Amino acid sequence: MPYGPKAMPGLRRHVTHLPRSDGTTNGKLVEVKTISPEKSSDVVLVKRQGDFMQLLIVRIDQDFQFKSKLRQGRTQGSGRPVSLRASQG
């Protein structure tokens, strides 16, 4: 995907602290996970009970360039969070 704000056009964020998802795009609920420059791994933890249809993983590099990846589907169920790599899927 492209860099910068055009990496995810149409993402509308929810009001902060809502317990379901982080926003919507094209009418689908989206969970956003961010990987900061300080983090050496590209692994994110995703709660299984989240109410979302897509997962957006955003990586910010040392030069504050943004790269994102949109994953379809979600991990359903309950229990421990799922570890996902940004490079998977």
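Residues numbered from 1 in each chain as written. Predicted model: local features only at pLDDT ≥ 70, side-chain atom pairs only at ≥ 80, totals over all residues. Heavy atoms only, no water.

1. A few points about the overall build of the protein
From N to C terminus, the protein includes zero helices and seven strands. Traced from its N-terminal end to its C-terminal end, the protein shows the element sequence β-β-β-β-β-β-β. Going through the 89 residues of the protein one by one, you find that 34% of them count as buried. Put simply, 46% of the contacts in the protein that link residues at least 6 apart link residues at least 24 apart. When the accessible surface of the protein is summed, it comes to about 6,100 Å², and 51% of that surface belongs to carbon and sulfur atoms. (Helix = DSSP H or I, 4+ residues; strand = E, 2+ residues; numbered from the N terminus. Buried < 20%, exposed > 50% of the residue type's maximum accessible area, 1.4 Å probe, protein only. Contact = heavy atoms within 4.5 Å. Areas by Shrake-Rupley, 256 points an atom, 1.4 Å probe, with all protein chains shown as cover.)

2. Remarks on the pairing of strand β3 (residues 28–35)
In this structure, strand β2 (residues 23–25) lies alongside β3, joined through three bridges in antiparallel fashion. Across the sheet, the residue bridging to T24 is L29, located in β3. The loop that links β2 with its antiparallel partner β3 comprises two residues; one of these, N26, has a positive phi angle of about 55°. Of the strand pairs in this sheet, β3 and strand β5 (residues 54–60) are connected by six bridges, and their pairing is parallel. (Pairing = 2+ DSSP bridges.)

3. Focus on the sheet that holds β5
Spatially, β1-β2-β3-β5-β6 is the arrangement adopted by the five strands of the open sheet, whose pairing is mixed. Each edge of the open sheet is held by one strand with a lone partner, namely β1 (12–13) and β6 (66–72).

4. A look at unusual backbone geometry
In the Ramachandran plot, N26 falls in the positive-phi region, its phi being about 55° despite a non-glycine side chain. Even without being glycine, F64 reaches a positive phi, approximately 60°. Following the sequence through the fold, F64 ends up in the loop between β5 and β6.

5. Let's talk about the side chain of E31
Residue position: E31 is located in strand β3. The exposure class assigned to E31 is buried, which follows from its relative accessible area of 14%. In contact with E31, not counting residues within four places along its chain, are R20, S21, D22, F52, Q54, L55 and L56.

6. Topic: the pattern of salt bridges
Enumeration over the complete set of coordinates arrives at one salt bridge. Where E31 meets K33, a salt bridge forms, and the shortest distance between an N and an O atom there is 3.8 Å. (Salt bridge = Lys/Arg side-chain N within 4 Å of Asp/Glu carboxyl O.)

7. Some points on the nonpolar core
Ranked by size, the top nonpolar core spans 10 residues in total: L29, I35, V44, V46, F52, L55, I57, V82, L84 and A86. Only β3, β4 (43–46), β5 and β7 (82–85) provide two or more residues apiece to this core. When neighbours within four sequence positions are excluded, L55 is seen to be in contact with E31, K33, V46, K69, L70, R71 and L84. (Core = buried A, V, L, I, M, F, W, Y, C linked by side-chain atoms within 4.5 Å.)

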